[in-house]
Amino acid sequence: MEDTKKEYPLVYVYMLESIDGKASGEVLDAPASKFGKNYYFSHQYSWGSKSILLGRGTFQIFLSWIKADKIDYTGISSENIEKKDYLSENRKKTEYYYITIDKNGKLPFPTGYGNFGGKQECHIITILSEDVDLKYLAYLQKKGVSYIFAGEKNIDLKVALKKLKDLFGIEKIICEGGPTTTQSFLNENLVDKLIILKHPCIAQPGALPVFGNANLSSWSLESFQMLSDKQHLLFVYNKKE
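Residues numbered from 1 in each chain as written. Predicted model: local features only at pLDDT ≥ 70, side-chain atom pairs only at ≥ 80, totals over all residues. Heavy atoms only, no water.

## Notes on the side chain of Ser146
For step 1, the next point in the chain: Tracing the backbone shows Ser146 in strand β7 (residues 146-149).
For step 2, the next point in the chain: Its relative accessible area of 0% is what places Ser146 among the buried residues.
For step 3, the next point in the chain: In terms of polar contacts, Ser146 uses its side chain to reach the backbone amide nitrogen of Ser88, at 2.9 Å.
For step 4, the next point in the chain: With sequence-adjacent residues up to four places away left out, Ser146 is seen in contact with Tyr86, Leu87, Ser88, His123, Ile124, Ile125, Thr126 and Phe168. (Helix = DSSP H or I, 4+ residues; strand = E, 2+ residues; numbered from the N terminus. Buried < 20%, exposed > 50% of the residue type's maximum accessible area, 1.4 Å probe, protein only. Polar contact = N/O pair within 3.5 Å; in protein donor to acceptor, adjacent residues only side chain to side chain. Contact = heavy atoms within 4.5 Å.)

Right under this line is the structure:
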């Protein structure tokens, strides 16, 4: 049984992968992957969480869908801005969150609340290091984005997770990658469940392994199923104690 009283939120890694275990944009765009891609996104919230976490690179692609390609500092002043956690009033509009890790503060958020091309209205929380410009913090505040600090130069995932639980009441997170992000969580032994949707495709050369270079670990198969198209497989693994 899951321990909901643990210090950190539960982390479920939810990933798409090719037959050969790769994460690739080409795999997502293949005609044979259309059914699986639609299933994947329509079931994001079916694992008991209202919080989805994406790495910076993945979130950058996500923002490109709504043509957010640069930070506009027009009229932004960093006067009276301090490097401390900021909880936007936008967070009170919804119980759903999009979370990202952006240690140096590079992502161009057009707003801190909305559906961002999806179906669910969400609030954005970004995880930063202290190696971030004060003007960027002022920009985030103007856009209504919440942010937390979790390290001086690099991100301490345990600090980040504890703050997400303590400040926002988040008990469970669906981590959708990419590979670098999932690797980091796995290497810190912070993943409680792996949910893998396998496409009937082989990735192109150069595609990254779905878990990067994560450390060796053992997992227990909870369930697997063939989806209704009889081409895609869904595997669920629990952490093996």
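## Digging into helix α2 (residues 34-42)
For step 1, the next point in the chain: Along α2, the residues classified as buried are Gly36, Tyr39 and Tyr40. Along the axis of α2, the buried residues cluster in a sector spanning 100°; they form a single face. Across α2 from its buried face, at more than 90 degrees, point the exposed residues Lys34 and Ser42.
For step 2, the next point in the chain: Residues of α2 that are buried in the fold lie against β1 (10-17), β9 (193-198) and β12 (233-239). (Arc of directions from axis to C-beta.)

## Things to note about unusual backbone geometry
For step 1, the next point in the chain: For the bond running from Gly177 to Gly178, omega is 15°, close enough to zero to count as cis.
For step 2, the next point in the chain: Considering the arrangement of structural elements, one finds Gly178 in the loop between β8 (172-175) and α6 (179-187).
For step 3, the next point in the chain: For Asn80, which is not a glycine, the phi torsion comes out positive at approximately 70°.
For step 4, the next point in the chain: Tracing the chain through its elements places Asn80 in the loop between α3 (56-64) and β4 (97-101).

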